[in-house]
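Chains, contacts and geometry: an overview
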Amino acid sequence: MRIALFEPEIAGNVGAVLRLGACLGAAVDLIEPMGFTWDDRRVRRAAMDYIDHVKVTRHASFAAFRATLGQSRLVLFTTKASFDAYGFAYRPDDVLLFGKESAGVPPEVAALADEKVRLPMRAEVRSLNLATSAALALGEALRQTGGLPGMAL
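Note that the structure is a prediction, hence the values are computed from the model and not measured. (Residues numbered from 1 in each chain as written. Predicted model: local features only at pLDDT ≥ 70, side-chain atom pairs only at ≥ 80, totals over all residues. Heavy atoms only, no water.)

A look at the overall build of the protein chain
Our working rule: Each helix is a run of DSSP H or I of at least 4 residues and each strand a run of E of at least 2, with the numbering of both proceeding from the N terminus. Using C-alpha atoms as the atom set, the radius of gyration is obtained and then compared with a globule rule of 2.2 Å times the number of residues to the power 0.38. Burial classes: relative accessible area under 20% of the type maximum marks a residue as buried, over 50% as exposed, and values in between as partly exposed (1.4 Å probe, protein chains only). A contact between two residues is defined here by any heavy atoms of the two lying within 4.5 Å. Computed with a 1.4 Å probe, the accessible areas rest on the Shrake-Rupley method; for each residue, only the protein chains presented here act as cover. Counted as positive: Lys and Arg. Counted as negative: Asp and Glu. His and the chain ends are not counted at all. The location of each charge is read from NZ of Lys, CZ of Arg, CG of Asp or CD of Glu.
Of regular secondary structure, the protein chain possesses 5 helices and 6 strands. Starting at the N terminus, the α and β elements of the protein chain follow one another as β-α-β-α-β-α-β-β-α-β-α. For the protein chain, the C-alpha radius of gyration of 14 Å lies close to 15 Å, the compact-globule estimate for 153 residues. Here the protein chain holds 153 residues, and the buried ones make up 44% of them. Sequence-distant contacts in the protein chain: of pairs separated by 6 or more residues, those separated by 24 or more amount to 74%. For the protein chain, the accessible surface area stands at approximately 7900 Å², while carbon and sulfur atoms represent 52% of it. Of note, the protein chain has its 18 positive side-chain charges centred 2 Å away from the centre of its 17 negative side-chain charges.

What follows is the structure in structure tokens.
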């Protein structure tokens, strides 16, 4: 299972997602351009020493990232989807894609996703934090596929 972040803008969110990947055993793909310098101290501060325990791959573009998918499904998490992320059947090789904090993904990227799902939330709020969304999504995907560390089906 992989987490992919499309053009992330906030270093602290990326650091938190790297830590999430390290703790739950998911690789993290970063699709550039990013809204901060990669060596930003905020990335390391949020990831702490966990950054050494996660496989991180940086991609120069969405096209470069897409070329790495092989047979894996690209599952886009978006507020524009109507399908509930908790009713979705995940596969162990899925790649969970999250858009940039300010704008999500552009329509041409959304059109290339194999599946689009939405994390349920109250109607009067706009969206969840990127790292929080990734944690909810990855936790459910790993729970369903038996991939949570220490979990037996």
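Observations regarding the packing of helix 1 (residues 11-24) against helix 5 (residues 130-145)
To keep things clear, this is the line we draw: Orientation is described by lines fitted to C-alpha atoms, with helices fitted over the stretch in contact, and by angles between N-to-C directions that extend from 0 to 180 degrees. Angle categories are assigned with fixed cut-offs, so that under 35 degrees is roughly parallel, over 145 is roughly antiparallel, 65 to 115 is roughly perpendicular, and the rest are oblique. In this scheme the crossing of two helices becomes right-handed for a clockwise turn of the near helix relative to the far one and left-handed for an anticlockwise turn of less than a right angle. Each residue gets one label: Ala, Val, Leu, Ile, Met, Phe, Trp, Tyr, Cys and Pro are nonpolar, Asp, Glu, Lys and Arg are charged, and the others, such as Gly, are polar.
Packing of helix 1 against helix 5 leaves a shortest axis separation of 9 Å and a crossing angle of 20°. With respect to helix 5, the element helix 1 is oriented roughly parallel. Pair helix 1 / helix 5 crosses with right-handed handedness. Of helix 5, the residues touching helix 1 (which contributes N13, A16, V17, L20 and L24) are L130, A131, A134, A135, L138 and L142. Looking at the contact of helix 1 with helix 5, its residues break down into 10 nonpolar, 1 polar and no charged.

Looking at the sheet that holds strand 5 (residues 95-98)
For the record, the criterion: Between any two strands, at least two bridges found by DSSP are needed for them to pair.
In space, the 6 strands of this open sheet follow the order 3-2-1-5-4-6, with parallel pairing throughout. Among the strands making up the open sheet, the edge pair consists of strand 3 (56-59) and strand 6 (115-117). Pairs of neighbouring strands in the sheet enclose a mean axial angle of 25°, with direction left out of account. Relative to strand 2 (residues 27-31), strand 1 (residues 2-6) runs parallel, the two sharing 5 bridges. Residue pairing in the sheet places R2 in a bridge with A27 of strand 2.

The analysis is restricted to geometry; functional conclusions fall outside its scope.
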